[in-house]
Every structure is written in C-alpha cells, then in structure tokens.
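Examining the three-dimensional arrangement
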Amino acid sequence: MQGNSRLRHVIVAIALALAPAPAFAIDEALLPRNLSPWGMFVSADIVVKAVMIGLAVASLVTWTVWLAKTVELRRKSALAVQRTRALEGKMKLAEAAGRTSDAHDAVAQLIQSCAKEAELSGGIVDDGLQERVALRLERVEAAMSRQVARGTGVLATIGATAPFVGLFGTVWGIMNAFIGISESHTTSLAVVAPGIAEALLATAFGLVAAIPAVVIYNHLVRGIANYRALLGDASAQLMLLVSRQRDHREFRLSRAAE
C-alpha cells in the first residue's frame, strides 16, 4: 500500500515536469528586462518612438534658438548702447550719419532714416519735420524689433504643444500595455510594467521639451523688451538732436555726410 502511494507520487512528479509551462510564464520570460531609458526607447512601439524622437528634436531646437538669440541680443544691445552714448555728446546729425554710413545695425538705421528725412525736407525746419522724423523712427524701431524677435515664436509653439504630444505617446503606450494584458491572459505586473514605463517615458520627454522652451521664451521676451527700450533711448536722443539743431538753425546736412 505504501509502495503504491510512492509510485503515484513519482508519476505525478514526472507528469508535472513534462507538462508545458503556462502561457503567462512564457510571456514573462520573454519580457524585456532592461528598463533603462534607452532600453525602454528601443523596445517601445514605433508610434511612441516617433513621439520621443520628435520631442527630442524640439528640445534641440529650443536650445539652439536660446544660444543663437542670446548671442545676437548681447551683441546688438552692446552696439546700441555704444551708439546711443555717442549721440549723447555734442555730435551733430551730419557727423552721426557720416559715421554710420556703412553700418547696418538698428541704431545706424535710425540715424540714416533721420538723416534721409532731413535731406528730403530740404532744410526746412518746422513742427512737421519733427513729426515726420518721429514717424520714421517709430517704423524703423518696429522693423528692428520684429527682426530681433524672429525665431522666438517656435519656442512658444514648443512650450504649448510638447506636453500634449507627450500625452499622446503616453496614451498610445498604455493602450499597447492593455493589449498585452489581453493577449497574455494575465494581469501580472511584469507584463504591464514595461508598456506603462514606455508610456511614462513619453510624458517625461514632453515635459523635458516644454519646460525649458517656456522658460527660455520668457527670458528672450524680457531681453527683446530691453533691446526695444535701448532703441527707444536712441530715438529719443535723435529727436533731441533734431530739436537742438533746429533751435540753432544748423539743421542743413552737408553732402559729404550723405
């Protein structure tokens, strides 16, 4: 009796050993074990990969615009300060126009525009001249401001859309995770975790692209506002120069200054 019981146990053990492993065990064995950011990117769905690559490119564009615009603003602001200080002296409009005849920076454009209006006025000094000069300076300021702000709009677009693009990748990854649960017929965390991790990585990419874009955009907006203030100071100095020369009846420009 005891021998039959032992034989029965041996047969059951052999049968269990030869039986195929459950489907969920095989699936868990095939699951990716590398849950590093790079490993999750490599094993992610093609749509999630495309979202991550797009957000990485957007982040690269953000830092490129920051570097280019920072250098541009510093260079132009320094030159604007230098030219505005020169206008604060006893320099006359003809002399200022002669010094900036070959320059193309913003303050030089303001000086040349002012000198051009003075030449077109034929030396006639009246209130209308100052109004025309002010109008020209205002238009040049607006054009130079648009020029220096070129390229910053893309930062606002990235900052506003990147979180939603990352959210799209998150939704897509979670959908794939639920599909994996359905196909494996198990709710094991080992089956669900990789898909959810990939989805959350897409969200992280979206935030990494959006947060610097918003911060850099606000920083550049403040820098552009300061640059506009410098142009306003230069315009004010030119208006003072015109008024001063009008009071002294010395407004006529020499041909050499042209």
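Everything that follows concerns the structure shown earlier in this document.
Below: a short report on this structure. Quantities reported herein were computed from a predicted structural model and do not represent experimental measurements. (Residues numbered from 1 in each chain as written. Predicted model: local features only at pLDDT ≥ 70, side-chain atom pairs only at ≥ 80, totals over all residues. Heavy atoms only, no water.)

Structural notes on helix H6 (residues 106-120)
How we decide: Think of it this way: any DSSP run of H or I at least four residues long counts as a helix, any run of E at least two long counts as a strand, and we number them from the N terminus. Any helix carries an expected span of 1.5 Å times its number of residues minus one. With a 1.4 Å probe rolled over the protein chains alone, any residue whose accessible area is under 20% of its type maximum counts as buried; one over 50% counts as exposed, and the rest are partly exposed. In the analysis that follows, any N or O atom pair within 3.5 Å is treated as a polar contact, provided that within protein one partner can donate a hydrogen and the other can accept it, and provided that, for residues neighboring in sequence, both atoms belong to side chains.
The terminal C-alpha atoms of H6, which comprises 15 residues, lie 21 Å apart, in line with the 21 Å expected from a rise of 1.5 Å per residue. Along H6, the positions that sit buried rather than exposed are Ala 106, Val 107, Ala 108, Leu 110, Ile 111, Ser 113, Cys 114, Ala 115, Glu 117 and Ala 118. Here H6 starts with a cap whose side-chain oxygen sits 3.4 Å from the backbone nitrogen of Val 107, and that cap is Asp 105.

What to know about the layout of surface pockets
Basically, it comes down to this: Each cavity reported here is a set of points on a 1 Å grid over the protein atoms alone in which a 1.4 Å probe fits but cannot get out, each pocket an open set with protein on both sides within 12 Å along at least five of seven lines, and each lining residue one with an atom within 4 Å of a point. Grid points are joined across faces, edges and corners, and a volume is the space filled by probe spheres set on the points. Under the scheme applied here, ten amino acids are nonpolar (Ala, Val, Leu, Ile, Met, Phe, Trp, Tyr, Cys and Pro), four are charged (Asp, Glu, Lys and Arg), and all others, including Gly, are polar.
Here the second largest pocket defines a volume of roughly 170 Å³. In this structure, the second largest pocket is lined by Thr 70, Leu 73, Arg 74, Ser 77, His 219, Leu 220, Arg 222, Gly 223 and Asn 226. If one sorts the elements of the lining of the second largest pocket by residue count, helix H9 (residues 189-247) sits on top with five residues. Here the lining of the second largest pocket is built from residues that sort into two nonpolar, five polar and two charged.

Thoughts on the packing of aromatic side chains
Quick reminder of the rule: We call Phe, Tyr and Trp rings a pair once their centres come within 6.5 Å, taking the six-membered ring for Trp, and we label the pair stacked below 30 degrees between planes, edge-to-face above 60, and tilted otherwise.
Enumeration according to the criterion identifies two aromatic pairs in this entry. Relative to Trp 66, the ring of Trp 63 lies with its centre 5.8 Å away and its plane at 85°, an arrangement referred to as edge-to-face. Here Trp 66 and Trp 63 lie together in helix H4 (residues 46-87), a separation of three residues that amounts to about one turn. Overall, Trp 63 belongs to the partly exposed group, its relative accessible area being 43%. For the ring pair Phe 168 and Trp 172, a centre distance of 6.1 Å and an interplane angle of 45° mean the geometry is tilted. Of this pair, Phe 168 and Trp 172 both sit in helix H8 (residues 153-184), four residues apart, which is roughly one turn of that helix.

Quick look at the side chain of Thr 100
Of note, Thr 100 is situated in the loop between helix H5 (93-99) and H6. Owing to a relative accessible area of 2%, Thr 100 belongs among the buried residues under this scheme.

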